Amino acid sequence: MNDQLLSTLTALREGFIAKLPGRLVVLQALLDKVKRGKSGALAELHRAAHSLVGTAGTYRLMQVSEAARELENIASFLQEPVNEVDQHALDTAYAGLASCAARSALNLVSAQLKRTVSARVMVVEDDPEQAEWLRSVLEEAGYRVGMYSELESFRAALQEADLPAAVIMDMVFPEGDEAGAQIIAQMKQHSLKVVPVIFLSVRQDMAAKLAAHRAGATRYLTKPVEREALLRVIADSAALAPDTPYRVLVVDDSKSQLAVHSHMLRQADMEVCESGNPLEVLNILENFPAELLLLDMHMPECSGPELAAILHDDERYSGIPIVYLSTETDVSRQLLALDRGGDHFLSKPVNPMHLVSVVCLHARRFRQSKEQAEAMRAMRYEQERHQQALDAHAIVSVTDVSGNIQYVNDKFCAISGYAREELLGKNQRVVKSSVHPGEYFDAMWEAISSGKIWQGEICNRTKSGSLYWVQTSIVPFLDKSGLPYQYISIRTDITHLKGIEQALLVSKEAAESASRAKSEFLASMSHELRTPLNAILGFSQLFTMDARIPQDARENAREIERAGQHLLSLINDMIDLARIEAGKLGFSVEPVSMESVLKGSFSMVESFARERGIRLLVNGATGQDITVQADHLRLRQVLINLLTNAVKYNKPQGTVNLSCNLGEGKVRISVTDTGYGIPVELHGRIFNAFDRLGEERGDIEGTGIGLVITKRIVEAMGGTIGFESIVGQGSTFWVEMPLAIEGENHSLEQADDAVIQHATAQSDRPIVLYVEDNPMNVRLMQQIFAGRKNLELCLAGSAEEGMERANQLHPSLILMDINLPGMDGYKALELLKADEYTRHIPVVAITANAMKGDEERCLSSGFSAYQAKPLNISGFLMMLDQYIQSGSARG
């Protein structure tokens, strides 16, 4: 046992013994209540006694536990109110318990006193490391230790000091391989006659062991030796006084010899009871629990062998060892006496040391056997309680190696619907269902037949045919050869949990179906809303660009464009928020250059700020050589949102400062405005959806969900967001993102530098083929190309028509809608690329599919570029020039 654990258990045991008087007071009070007829007192007494039974047994105070059990048993059979006879029975049981508790308390005091003067052990060892280990082990066990590395210093110490309780001796020294045995043989002739000697040696040969025992060794242990084994050998070998004195009953009709022998034993710290009349022994033993009887052989009233025979017939005393002490010299009579029930024979006059040694030997063995029996009884009690607890909670069965049932508990019968007699002897298959495949049980039998514990869920069938589920553990019991001889199965009913699990699975599938429907709805809504917005924004942009239209009309067109842009922003925000809540907003977190993100975000807001008279400033680092882990597109979206808010909610002629500062493992991007600030009482609402903090009645456009989306995007990328604000001075919103892993410090923004050579039909003007089924979008595109006289726009209303016209016209560029009647744009692109006459023509996707991932899908499918509806006409014209004027569409 671990030293610390042993020390802890000893302390707990002593603490329990110290508290026993208090528990007796409680029991006495409950007894008084029972006598007064107080309702429920008898049940309380039963519970208190029952608790004491288990606790005392745990601390190996078996006499206290048995006495408490007696009180518990009596209380369990009685009914309130108790009569005088019952009261007497309770009082008697309580008195016995109090007596046992008092003896335990006395034993505790005696043990504590003895520990203050511990026994001395001499250790003779020339290996410093081994010597130090022995010292620590013995001192921790409470021994006083004398350490000697040389044989001569050990010899000198024996002559100067009292004899030790034991000697631990090595065998090999510089003087010789058997030097240890030689010095012990010499010392046994003089000072070490009665001292036990334990040899510890690396030698395992027969010659070394024989030399040690011939020298007088008590035990011979081979290094290395375990701590517990060493301490056990010392305790068994050394003639040390036990915690409780041995109790010896001396019976002799000679008063003088009775007194002499009793005195010898008392000098050895034994508890002695004397009797000159063998006929009184049975009465004496009722009050004096002797651990050894020292009997004279010849006594007139009853001889020693006769008394031994009588005691042997009494189960209460049959195990007490008997040592004869007699002047009888006839060996045959001595043997006959031993045959009648004796354990040892000593002749008078006896050597005191010899007498003490023999009595200690047999008394110690008797006590050890009794303690072992009590420990076994306690173990059986604990096992019974464990079995009761197991049966109360679990479904238990035991089978042989073939699966035939040998034992089932009540819970097994209750859940299966079978009576016990219907199950015993039957195979476990009697409750098997057809839910599991054969391979499932094959794997189970393979595991347990190889000695492994198997755990899993099993669906069984009751006698009536209904199904029930159990969480099962099957433990194989193995014989000496390691093969199973039986299996114990412990199960827990999980039928209810499986029902809940099935309901949750159905709910999960329904939720996933709803989520898919929601995603499909979002995609459809995005497309359907963007198609008319494409016309609204496109025509409004054309109106503002046409100098022939009056100025007031162009201003009206700008208002239409601004309203359309606001509606488009609202649509984008709503879709983003819905996708975030559904967990569908995808991210590609990679190393991102802060310089690129800051410049891109700054330029996107610059014109917006200029229109409102707000100055944009950059303070501190510009992000150069700073790389963070983020999604490039989403991080730019976050910064644009913060910058746009800082412009919108600023004072006239105010400023917005953008800064980037490095921290430990992270970077902080701050956007500071000189606006009106946010009152403290509103800070808790700043990230609430659709809450514009009272600005919804103002003239500043907004939806109230931009910051919500921003916060969730930042956190999804592993960052944090926060703000500080002072009313009248302005606000600072900041975002902290983790720095990228060293060695991956590069921007993810990569320009597509690949130059694709395209062939085109010979024509005075380059031809651009537009494949679109929506008349409004077609008209918008015609208006856009009306200002480009150097280009010829050709139209196709379906993918099939577009492929036919591409083969006829050999256009320089194809503008392809994705959602077309019949064949969609993706299939049309695939067929165009498969045709050797059209595969070289660049195809640009013009689509209202603007959800996350749509652009990536288009480009990965082979489209040369991607333009989302509603079109940004300026950006579209720049793209058009890239493919026409740069000559990239020429062969």
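I will try to describe carefully the structure that is included in this document. These numbers come from a predicted model, not from an experiment. (Residues numbered from 1 in each chain as written. Predicted model: local features only at pLDDT ≥ 70, side-chain atom pairs only at ≥ 80, totals over all residues. Heavy atoms only, no water.)

**Brief notes about the sheet that holds strand β26 (residues 843-847)**
- Reading across from one edge, β24-β23-β25-β26-β27 is the order of the five strands in this open sheet, with parallel pairing throughout. At either end of the open sheet lies a strand with only one pairing partner, and these are β24 (792-796) and β27 (865-868). The sheet shows a mean angle of 20° between the axes of neighbouring strands, taken without regard to direction.
- Sheet topology note: the strand β23 (residues 767-771)/strand β25 (residues 813-816) ladder contains four bridges and is parallel. Considered in β25, the bridge of Y770 is made with L815.
- Contacts between helix α24 (residues 799-809) and the sheet are confined to β23, β24 and β25, with β24 contributing the most and set at about 140° to the helix. (Pairing = 2+ DSSP bridges. Helix = DSSP H or I, 4+ residues; strand = E, 2+ residues; numbered from the N terminus. Axes fitted to C-alpha atoms, helices over the stretch in contact; angles between N-to-C directions. Contact = heavy atoms within 4.5 Å.)

**What to know about the sheet that holds strand β6 (residues 247-251)**
- Taking strand neighbours across the sheet as the criterion, the five strands line up as β7-β6-β8-β9-β10 in an open arrangement whose pairing is parallel. The open sheet has two free edges, formed respectively by β7 (271-275) and β10 (344-347), since each of these has just one partner strand. Strand-to-strand twist of the sheet, defined as the mean angle between neighbouring strand axes without regard to direction, takes the value 20°.
- Sheet topology places β6 next to strand β8 (residues 292-295); four bridges connect them, and they run parallel.

**Overview of the side chain of S489**
- Note on placement: S489 falls in strand β15 (residues 484-493).
- Apart from residues lying up to four places away in sequence, S489 is in contact with I395, V396, S397, S473 and I474.

**Quick notes on the pairing of strand β13 (residues 454-461)**
- The pairing of β13 with strand β14 (residues 467-478) spans eight bridges and is antiparallel. Bridge pairing links G456 to T472 in β14.
- What sits between the antiparallel neighbours β13 and β14 is a turn of five residues, in which G465 has the positive phi angle 105°.

**Comments concerning the packing of aromatic side chains**
- Applying the stated criterion across every chain yields a total of nine aromatic pairs.
- An angle of 40° between the planes, with centres 6.2 Å apart, marks the rings of Y324 and F345 as tilted. Here the residue Y324 occupies a position in strand β9 (residues 322-326), and F345 occupies one in strand β10, the gap between them amounting to 21 residues.
- A residue is classified by how much of its surface remains accessible, and F345, at 14% relative accessible area, is buried.
- For the ring pair Y440 and F441, a centre distance of 5.8 Å and an interplane angle of 85° mean the geometry is edge-to-face. (Phe/Tyr/Trp six-rings, centres within 6.5 Å; stacked < 30°, edge-to-face > 60°. Buried < 20%, exposed > 50% of the residue type's maximum accessible area, 1.4 Å probe, protein only.)

**Brief notes about a nonpolar patch on the surface**
- Nonpolar side chains collect at one region of the surface, where L163, V194 and M353 lie side by side and expose about 260 Å² of accessible area between them.
- With relative accessibility at 44%, the residue M353 sits in the partly exposed group. (Patch = residues over 30% accessible without salt bridge, like charges linked within 9 Å, V, L, I, M, F, W, Y side chains within 5 Å. Areas by Shrake-Rupley, 256 points an atom, 1.4 Å probe, with all protein chains shown as cover. Salt bridge = Lys/Arg side-chain N within 4 Å of Asp/Glu carboxyl O.)

**Some details on a negative patch on the surface**
- Together, D126, D127, E129, E150 and E175 make up a negatively charged patch on the protein surface.
- With respect to the secondary-structure elements, E129 resides in helix α5 (residues 128-140). (Lys, Arg positive; Asp, Glu negative; His and termini not counted. Charge placed at Lys NZ, Arg CZ, Asp CG, Glu CD.)

**As for the pattern of salt bridges**
- One pass over the structure, following the stated rule, counts 25 salt bridges.
- Among the ionic pairs, E501 bridges to K498, the shortest N-O distance being 3.4 Å. With a gap of three residues between them, E501 and K498 both fall in helix α18 (residues 495-545), about one helical turn apart.
- By relative accessible area, which is 16% here, K498 ends up buried.

**Section: the environment of W734**
- Topologically, W734 is positioned in strand β22 (residues 730-738).
- Take W734: its relative accessible area is 13%, and that puts it in the buried class.
- With 66 residues separating them in the primary sequence, W734 and R668 have C-alpha atoms 6.5 Å apart.
- Those residues in contact with W734 that lie beyond four places of it in its chain are R668, I669, S670, T720, I721, G722, F723 and E724.
- Within the structure, the side chain of W734 is placed 2.8 Å from the side chain of E724, a separation counted as a polar contact. (Polar contact = N/O pair within 3.5 Å; in protein donor to acceptor, adjacent residues only side chain to side chain.)

**Focus on the pairing of β8**
- Side-chain alternation along β8 places L292 and L294 on one buried face and L293 and L295 on a second face that is also buried.
- In terms of strand pairing, β8 meets β9 through three bridges, oriented parallel. Looking at β9, one finds that L293 is bridged to I322.

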